[in-house]
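# Remarks on the overall topology
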Amino acid sequence: MDELLLTTLENEIREEYHIPPYFENLQNLIKEANAWFSQLENNIDYDLDLVARSLLKSRVFYAYNNKKNDFAIDYAYDVLTWQFSKIKGVL
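The numbers attached to residues start from 1 for each chain and follow its sequence in the written order. Residues qualify for local features only when their pLDDT is at least 70, as the model is predicted, and side-chain atom pairs are given and counted only at 80 or more; totals for whole chains, interfaces and linings, by contrast, use all residues. Calculation of side-chain values draws on the structure's entire complement of heavy atoms; hydrogens and water are dropped beforehand.

### Comments concerning the pattern of salt bridges
Only one rule defines a salt bridge in this text: a Lys or Arg side-chain nitrogen within 4 Å of an Asp or Glu carboxyl oxygen. Tallied over the full model, the rule gives 7 salt bridges. Between Arg53 and Asp47 there is a salt bridge, with the nearest N and O atoms lying 3.2 Å from each other. Relative accessibility decides the category of a residue: with a 1.4 Å probe and only protein chains considered, values under 20% of the type maximum give buried, values over 50% give exposed, and everything between is partly exposed. Residue classification places Arg53 among the buried residues on the basis of a relative accessible area of 9%. Asp47 gets classed as exposed once you look at its relative accessible area, which sits at 52%. We note a salt bridge from Lys86 to Asp49, for which the minimum N-O separation is 2.5 Å. Residue Lys86 is found in the segment after α5 (76-85), and its partner Asp49 is found in the loop between α2 (26-40) and α3 (50-64); the two are separated by 37 residues along the sequence. For Lys86, a relative accessible area of 33% gives the class partly exposed. Where salt bridges share partners, they join Glu12, Glu16, Asp47, Arg53 and Lys57 into one cluster. Strands here mean DSSP runs of E at least two residues long; helices mean DSSP runs of H or I at least four residues long; both are numbered from the N terminus.

### A word on unusual backbone geometry
The phi torsion at His18 lies on the positive side, around 55°, for a residue other than glycine. Of note, His18 is situated in the loop between α1 (3-17) and α2. In this structure, Asn43 is a non-glycine residue whose phi angle is positive, near 50°. Locating Asn43 in the fold gives a position in the loop between α2 and α3.

### Some points on a nonpolar patch on the surface
On the surface, a cluster of nonpolar side chains totalling about 260 Å² of accessible area is made up of Leu80, Phe84 and Ile87. Residue position: Leu80 is located in helix α5. Owing to a relative accessible area of 43%, Leu80 belongs among the partly exposed residues under this scheme. Residues qualify for a patch when their relative accessible area is over 30% and they have no salt bridge, like charges being joined within 9 Å and the nonpolar side chains of Val, Leu, Ile, Met, Phe, Trp and Tyr within 5 Å. We get accessible surface area from the Shrake-Rupley algorithm with a probe of 1.4 Å; when it comes to residues, only the shown protein chains can shield them.

In structure tokens:
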């Protein structure tokens, strides 16, 4: 993930989830979420894959609220569907 995308995602997440500018750890949460999703799928292009982008932003919001474990439960179906969509001929 390059710096431009990181900054763009940070701005989007701050605006969509009303995260104040004084919370300085948001880029680290984005990097952690990206690392988590990268274990599930290689070379994610968050500009083209809007499902992945949405999932990443949701996971960051859960992490911001100290609910990362809840994300795995609440979004299990969505993450699994996203993963299966990457396998040619499945969906």
